[in-house]
Amino acid sequence: MKDKTIDYVLRTTWLAVNKMYNEEASQFDTTMATGFALLSIDPEKGTPSTSLGPKMGMEATSLSRTLKTMEEKGLIIRKPNPEDGRGVLIHLTQFGIEKRDYSKEKVLMFNETIKDNVSEEELMHFYKVAEIINNMISNKQIYNQKEHSLK
């Protein structure tokens, strides 16, 4: 893979992980997005709907569809936020908690399998590179540089 661009490796790896999770989730008539949402909702206090999108890196329209489907399947319920009358808290139902536990088990299994096949040093390098990429993007250090602009 050394002759591939960094973004190509990131994209193809993420697509493979996404496909793997969706194939696993489809056995239970659900999706990776639903599993990710279940894991992002605080199982005890609930989570404000407005903070879920940024937490998951999802656009509002995609998140709305996911939450609607989750509500229809009985995984979540929406309750008024007692601290903000305009806001809504997303709470897991008992069924949602069961599915959350299952999703968590699958994510931990993925992580353990990778850790069993990659050295701790290699994993630390991976995390460090990912952190650098994310920071550079967040700080607009890639396309916002004048010396790199195309004319």
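Whatever comes next refers back to the structure up there.
Residues numbered from 1 in each chain as written. Predicted model: local features only at pLDDT ≥ 70, side-chain atom pairs only at ≥ 80, totals over all residues. Heavy atoms only, no water.

Student: Just give me the short version of the overall build of the chain, but keep the residues and values in it.
Tutor: From N to C terminus, the chain includes 6 helices and 3 strands. Reading the chain from its N terminus to its C terminus gives the helix and strand order α-α-β-α-α-β-β-α-α. Taken over C-alpha atoms, the radius of gyration comes to 19 Å for the chain, far larger than the 15 Å a tight globule of 151 residues would show. Across its three principal directions, the C-alpha atoms of the chain cover 50 × 40 × 25 Å. (Helix = DSSP H or I, 4+ residues; strand = E, 2+ residues; numbered from the N terminus. Rg over C-alpha atoms; globule rule 2.2 N^0.38 Å.)

Student: How would you explain the sheet that holds strand β2 (residues 76–81) if you had to name every residue and give the values?
Tutor: Strand order across the open sheet formed by 3 strands is β1-β3-β2, with antiparallel pairing between neighbours. The two strands at the open ends of the sheet, each matched to only one other strand, are β1 (47–48) and β2. When β1 meets strand β3 (residues 84–92), the two strands line up antiparallel, connected through 2 bridges. When the sheet's bridge partners are listed, Pro48 is paired in β3 with Leu89. Contacts from helix α4 (residues 60–72) reach β2 and β3 within the one sheet, and its direction differs from that of β2 by about 115°. (Pairing = 2+ DSSP bridges. Contact = heavy atoms within 4.5 Å. Axes fitted to C-alpha atoms, helices over the stretch in contact; angles between N-to-C directions.)

Student: Now, about the pairing of β3: what can you tell me, with residues and values included?
Tutor: Relative to β3, β2 runs antiparallel, the two sharing 6 bridges. Looking at β3, one finds that Lys79 is bridged to Leu89. Two successive antiparallel strands, β2 and β3, enclose a turn made up of 2 residues.

Student: Describe in detail helix α5 (residues 94–117), supporting the description with residues and values.
Tutor: End to end, α5 covers 35 Å across 24 residues, agreeing with the expected 34 Å (1.5 Å per residue, within 8%). Here α5 has its buried residues at Gly96, Arg100, Ser103 and Lys106. Contact partners of the buried residues in α5: α1 (6–26), α2 (32–40) and β3. (Expected span 1.5 Å × (residues − 1). Buried < 20%, exposed > 50% of the residue type's maximum accessible area, 1.4 Å probe, protein only.)

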